[in-house]
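Observations on chain architecture
Here is what each chain is made of, one letter per residue.
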2 protein chains.
Amino acid sequence: MLDHLWHLIVGSPLPTQSLSRERLNKIRALAAFSPDALSSIAYANQEIYLGLALAGSAGLAFLWPIGLAITGLLLIVALSYFQTIHGYPSGGGSYVVARENLGTIPGLIAAAALIVDYILTAAVSLTAGVAALASAFPVLWAYKVELAIVLLIVITVVNLRGLQESGTVMAIPVYLFLGVFLSMLGVGVIHLMVGGVRYVPQATLPVLQPITPFLVLHTFATGCTALTGIEAISNGVPAFRPPEARNAGKTLIIMAGLMGTLFLGSIGLTQFLAVIPRADETILSALAHWIFGNTPLYFLVQISTLLILAVAANTSFAGFPRLAAILAKDGFLPHQLAGLGDRLVYSNGILTLAAITGLLIILFNGNTHALIPLFAVGAFLAFTLSQIGMVNHWQRTRGRHWKIKAFLNGLGGLTTGITMVIVGVSKFVEGAWIVPIAIALMTLGFLRIRDHYQDVAQELSLSELLELPALTPPHPRIVIPISGIHKGIVNAITFARAISTEITAVYVELEPGSGEQIQQKWTTLWPNVPLVVLPSPYRSLVGPLLDFLDQTDREHNDGQLAVVMLPEFVPARWWHFFLHNQSAWLIKTALLYRRRRMGFQRVIIDVPYHLRR
Amino acid sequence: MLDHLWHLIVGSPLPTQSLSRERLNKIRALAAFSPDALSSIAYANQEIYLGLALAGSAGLAFLWPIGLAITGLLLIVALSYFQTIHGYPSGGGSYVVARENLGTIPGLIAAAALIVDYILTAAVSLTAGVAALASAFPVLWAYKVELAIVLLIVITVVNLRGLQESGTVMAIPVYLFLGVFLSMLGVGVIHLMVGGVRYVPQATLPVLQPITPFLVLHTFATGCTALTGIEAISNGVPAFRPPEARNAGKTLIIMAGLMGTLFLGSIGLTQFLAVIPRADETILSALAHWIFGNTPLYFLVQISTLLILAVAANTSFAGFPRLAAILAKDGFLPHQLAGLGDRLVYSNGILTLAAITGLLIILFNGNTHALIPLFAVGAFLAFTLSQIGMVNHWQRTRGRHWKIKAFLNGLGGLTTGITMVIVGVSKFVEGAWIVPIAIALMTLGFLRIRDHYQDVAQELSLSELLELPALTPPHPRIVIPISGIHKGIVNAITFARAISTEITAVYVELEPGSGEQIQQKWTTLWPNVPLVVLPSPYRSLVGPLLDFLDQTDREHNDGQLAVVMLPEFVPARWWHFFLHNQSAWLIKTALLYRRRRMGFQRVIIDVPYHLRR
């Protein structure tokens, strides 16, 4: 029933050979790799506005300069990744580049940073998407956590089903968003040309802080979230049609151009049209309101923002499970993350990401602004490691123009490194301190997991085992705990006698005096099988039994543990399960617990008895 | 480690023989049985005030009449239970009385009603206790759910440890409460005599509803919660010193007198001193404020209210597990509820009550007023069934003055029955409808559980088994799923060969082509044991394995199921558990699931391999 339900939700299993390797043309590739990058303006603009508005209308005059600075950074990072694409046509994720060029530990740090980045992309995109929707329909603010979780569930299910259709279906929100936003910016520029630059009157906003260099740097740091997602194409070069690297490079340039246009356009119009949001709307919503008024076009802007943010969250669901699978295959994460599920997707990775993202959304109460400080540090750490790795790559390979290439990547690494420090320091107390700790712990975790797998592989190897061990004595010692004399134990005793002659039944006397009666009945039924009655002054079933097992092992002193055979009821209906004392379950749990504590476990034989009613 | 923690919290196990049967004198018995009854005024007064205040100051004129009516009811119910004590000196809980005199079904209905009553006593007492505290320290209102849960946890732990000291320790809050409240009422009466009767000015309270008969009845119904707990002594007669019934009867009369004094005194003073509470305090707190001002005495009143309410919640923790154990011994509830735990208390019953009470507190957001509609119906149903049972009892036994006794109990039954109908009807839409449904479902559940136990006892009986079955063939068919060729499977194969010659190893080929290599290695190591390689186009481990098991059973067609032997890793550290694919666990779960669906289960043999690192 459970697996029927599962297949109803995620679809029927797919055979391994239907794994397709379809290549993407540039139009579909742009749609597949850009949503995260393009949609970043939804939260980056909001953060920049919130940061500067603290200093009142004077602060808002810094919108445009900060926008220009971030666009400059975007240019440098885009150039760096253009290089990466040509250096790693087989797909140069930060993990791969850092690991190959800088060593295992930097590679793992980059991987941990990427994992943080993927999780936060999902969480931030979902909450920002809900904010776009609630700006249009303020009654929805009260349900922001619920809405974000519903979106998360939809995306999780879609990904568990597998996205055969991804290219085409995903393209719709992306090109809708581009069309709607570019039109809006166009109309805004016409307004600007007709009406001239406007200023926010001084009294409009309360001045909560003076303008300080720290305030400006802090705002710059939060605005750097506009760059997140730019690395996506460099991870996915093999998905392009040949010549892969050239096509991917061109697509990156187009994407970076679009990112710059959207970001600079929207931030510039916000300043020069003197846009001020209502209390319950985002700055992008206020801009759309300014330009389109309360028309259907305004609602189209908000809906398309929500859609592209949902698709952006979806990119984490493509990237995270794939990265986790690579790490798992390299032995740094549990093997289970490397296995393709029923539907040819990494189901365990998808479910892990969904669980962590959901937890973050609930913990941060669906609040994008609270999540942002955690966001940029991970992304910029991955950028930096990847760029430094590329410098090393060019030095080693020394192709044509290698010095220029190394310089460009070095510039990228330096700039993103400085930005990372700015982001980390300026947002340290707001939560950024969690990220380095999380990354360090993850890196250590990766290493310990690998050590464990190596230990086990060595320990299990048969190469040192020169000859197979002799058979155990033909009659293993079997101990059968019984709860009384009834049909339920007959199967077990019959089976035990079929495989051994050294059998002891054990009855734990929970009620004083009950043992004698049992002993008498027993002797008439199985005169050849000894029954031991154990007293239990503390009314514990498992305590006396475990003591007895240890004692018999010591008495026999042959290094062999007694085998425990458990007669177990199989109830006819599920709820009957709760009506029996579950002795078998208790004993198994106790044996499992002992295995934790003592480091050994006995052979357990479960012999079922099927209740008919 | 887990059981060390457990014993740290609840104390070391106690041997069975330390069960003591200490008898209580009247002073300690009053303390042991009265907290629930005495503390009822904390919420009853509040409900009466809230009900009447809806009709403004004119409504408050009904405080005293309603108080008198409820006190009259109290008198009748007390007389009825006085009779029960003498009719059932061995302890006449409603379940016992109703079952013996009216039959099994009425007995079970009474038991279900009592269970509802116990749970709600715990929940209401805790939330009302927190309300008393928060009235004194309003900052605590924001944490009312958390505080109630903390109190619940403390009471649960104390009860799990076992209350050897109950009589003495419990007496302190009870006599503190009595002393403080009786003094307060005395001072209040002096105020009244000096200052005369006061009236609430008409404009003080908004009139939200007119005074209607329904409003008055409805308020009377909620106020009847003042009577809850009065039956406690009749359940506990054997705990008194001899002559048990006489001492218990005297204690009941004293308790009823105190209940009446406290209830009538506080409700009367509330009306005649014209007490009006602040928005964030209870009516009892307002009365204490009026009489004592903001003095330490006021805080003492609130603290003693909190303490007696906590002790009242505790009486549910004594009563519910005992009732559940009686029902379990009669076969109407799972056997597990009948077993004395480590500390000679019914731990499972205590934990069950704690879980349900906690759930109620959280669901109702720690709000006493919202819980009250559920409360009185269960209590009055149990009262009524018990009184009607007593009428039947006197008719059957026909002792001295039996007609008078039967009349008194009949009067009690009639009055409580009418009250139950009033409570149920007037509070139906506010939640009282849940209670009859819950009671009906519980009663049906009791009956189904008993039927199941009877079926099983009959099915398992060895009396019809004339001869024991023949031995299974000496060589059971054993199937060993393997995940690869390594040391981990050596133990299993050695053990299998010790007990059988019909062994088949099975390798499920998750990656196409991997089987061939395994097959070659296998043949060199265990040439005598056949290895079957199963293809798995959908990458499922358990699907092909289960199909193979079914198929071999069909092929052999000897009615015997193949035994599944599982080589299982025992990791050296707990977290290593997550690093392995848990094939053994997956297979066991699948076999368990099949046992649910198909109604059969195979014999499972777990053979451990202990990882050293």
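Residues numbered from 1 in each chain as written. Chains lettered and ligands numbered in written order. Predicted model: local features only at pLDDT ≥ 70, side-chain atom pairs only at ≥ 80, totals over all residues.

Chain A carries the name APC family permease in an unreviewed UniProt entry, which gives Thermanaerothrix solaris as its organism. Taken verbatim from the UniProt record of chain A, the Subcellular location (unreviewed entry) comment is "Membrane". (UniProt positions renumbered as here; feature names shortened; annotations may be inferred.)

On to the overall build of chain A, then. Helix and strand content of chain A: 24 helices and 5 strands. Expressed as a percentage of the 613 residues in chain A, the buried residues total 48%. Put simply, of all contacts in chain A between residues at least 6 apart along the chain, 81% involve residues at least 24 apart. (Helix = DSSP H or I, 4+ residues; strand = E, 2+ residues; numbered from the N terminus. Buried ≥ 20, exposed ≤ 12 C-beta atoms within 10 Å, placed from the backbone. Contact = placed C-beta atoms within 7 Å.)

What follows is about the pairing of strand β2 (residues 503-509) of chain A. Residues and elements named next belong to chain A. Judged from the 5 bridges that link them, strand β1 (residues 478-482) and β2 form a sheet pairing that is parallel. Within β2, the position partnered with valine 479 by the bridge is threonine 504. Between the parallel pair β1 and β2, the chain is carried across by helix α21 (residues 490-499), and the sense of this crossover is right-handed. Here 5 bridges tie β2 to strand β3 (residues 531-535), and the two strands are oriented parallel to one another. Bridge pairing in β3 links glutamate 509 to proline 535. Assessed by its sense of winding, the connection that carries the chain from β2 through helix α22 (residues 514-525) to β3 is right-handed. (Pairing = 2+ DSSP bridges. Right-handed = clockwise from strand over helix to strand, strands pointing away.)

Here the focus is helix α16 (residues 347-363) of chain B. All names here are of chain B. Here α16 spans 24 Å end to end across 17 residues, near enough to the 24 Å set by a 1.5 Å rise per residue. Turning to α16, its buried residues number three or more, namely Ser347, Asn348, Gly349, Ile350, Thr352, Leu353, Ala354, Thr357, Leu360 and Ile361. Here the buried face of α16 lies against α8 (104-136), α9 (144-161), α15 (296-329) and α17 (368-397). Phi turns positive, to about 55°, at asparagine 365, one or two residues after α16. (Expected span 1.5 Å × (residues − 1).)

Residues and elements named next belong to chain B. Relative orientation of the contacting elements α8 and α16 amounts to 50°, with a least axis distance of 9 Å. Between α8 and α16, the interaxial angle falls into the category oblique. By crossing handedness, the relation of α8 to α16 is classed as right-handed. When α8 is examined against α16, the residues Tyr118, Ile119, Ala122, Ala123, Leu126 and Thr127 are found in contact with a partner set consisting of Leu353, Ile356, Thr357, Leu360 and Ile361. (Axes fitted to C-alpha atoms, helices over the stretch in contact; angles between N-to-C directions. Parallel < 35°, antiparallel > 145°, perpendicular 65-115°, else oblique. Left-handed = near helix turned anticlockwise from the far one by under 90°.)

Okay, the confidence of the model for chain A next. Residue-level pLDDT values for chain A average 85, and 91% of them are 70 or greater. Both scores are available for the predicted complex, with the pTM at 0.68 and the ipTM at 0.70. (pLDDT = per-residue confidence, 0-100.)

Our focus in this paragraph is the nonpolar core. Of all hydrophobic cores here, the largest spans 151 residues; its most connected members are A:Ile115 and A:Cys224. At 23 residues, the largest contribution of residues to this core is made by helix α8 (residues 104-136) of chain A. Once you skip the residues sitting within four places of it in the chain, A:Cys224 turns out to touch A:Ile70, A:Leu73, A:Ala376, A:Phe380, A:Thr419 and A:Val423. Core analysis: the next-biggest nonpolar cluster, separate from the first, contains 150 residues, B:Ala111, B:Leu120, B:Leu126 and B:Val237 among them. (Core = buried A, V, L, I, M, F, W, Y, C linked by C-beta atoms within 7 Å.)

Turning to unusual backbone geometry, a few remarks are in order. What is expected of a backbone is that most residues other than glycine have negative phi and most peptide bonds are trans. Residue and element names in this part refer to chain A. Note the cis peptide between proline 242 and proline 243, where omega equals -5°. With respect to the helices and strands, proline 243 occurs in the loop between α12 (232-235) and α13 (244-272). Residue histidine 401 is not a glycine yet carries a positive backbone phi of 50°. Residue histidine 401 is classed as exposed on the basis of its C-beta count, with 10 C-beta atoms lying within 10 Å.

Glancing now at the sheet that holds β1(A). Taking strand neighbours across the sheet as the criterion, the 10 strands line up as β3(A)-β2(A)-β1(A)-β4(A)-β5(A)-β5(B)-β4(B)-β1(B)-β2(B)-β3(B) in an open arrangement whose pairing is mixed. Each edge of the open sheet carries a strand with a single partner, namely β3 of chain A together with β3 (531-535) of chain B. The average angle at which neighbouring strand axes cross in this sheet is 30°, direction not considered. In the packing of α22(A) onto the sheet, contacts are made with β2 and β3 of chain A, and the angle to β3(A) comes to roughly 175°.

Residue and element names in this part refer to chain A. Look at helix α9 (residues 144-161) against helix α16 (residues 347-363): their axes get within 10 Å of each other, and the N-to-C directions meet at 175°. The orientation of α9 relative to α16 falls into the category roughly antiparallel. Contact residues: Val145, Ala148, Ile149, Leu152, Thr156, Asn159 and Leu160 in α9; Ser347, Ile350, Ala354, Thr357, Gly358, Ile361 and Ile362 in α16. Within the contact of α9 with α16, the residues separate by chemical class into 9 nonpolar, 5 polar and no charged. (Nonpolar A, V, L, I, M, F, W, Y, C, P; charged D, E, K, R; others polar.)

Residue and element names in this part refer to chain B. Counting buried positions over the 5 residues of strand β1 (residues 478-482) gives 5, a clear majority of the element. On β1, burial covers both faces: Ile478, Ile480 and Ile482 on one face and Val479 and Pro481 on the other are all buried. As paired strands, β1 and strand β4 (residues 563-570) are joined by 2 bridges and run parallel to one another. Bridged to valine 479 within β4 is valine 564.

Residue and element names in this part refer to chain B. Counting through the fold element by element, isoleucine 518 comes out in helix α22 (residues 514-525). Isoleucine 518 sits 11 residues away from tyrosine 507 along the chain, and the two C-alpha atoms are 8.3 Å apart. Residues within four places of isoleucine 518 in sequence aside, it is in contact with Gly484, Ile485, Tyr507 and Val533.

Residue and element names in this part refer to chain B. With respect to burial, helix α7 (residues 94-102) is a largely interior element, 7 of its 9 residues being buried. Of all the positions in α7, only Ser94, Tyr95, Val96, Val97, Ala98, Arg99 and Asn101 are classed as buried. Where α7 terminates, the next one or two residues include glycine 103, which has phi positive at roughly 115°.

As a further point, take the environment of B:Ala562. Residues and elements named next belong to chain B. With respect to the helices and strands, alanine 562 occurs in the loop between α23 (542-556) and β4. Judged by the 20 C-beta atoms lying within 10 Å of it, alanine 562 is buried. Between the C-alpha atom of alanine 562 and that of glutamate 502, which follows or precedes it by 60 residues, the distance is 9.9 Å. If near-sequence neighbours (up to four positions away) are discounted, alanine 562 is found in contact with Arg477, Val479, Leu549, Thr552, Asp553 and Arg602.

Below, the discussion takes up the environment of A:Leu525. By the element assignment, A:Leu525 lies in helix α22. Taking the C-alpha atoms as reference points, A:Leu525 and A:Ile485, 40 residues apart in sequence, are found 9.4 Å from one another.

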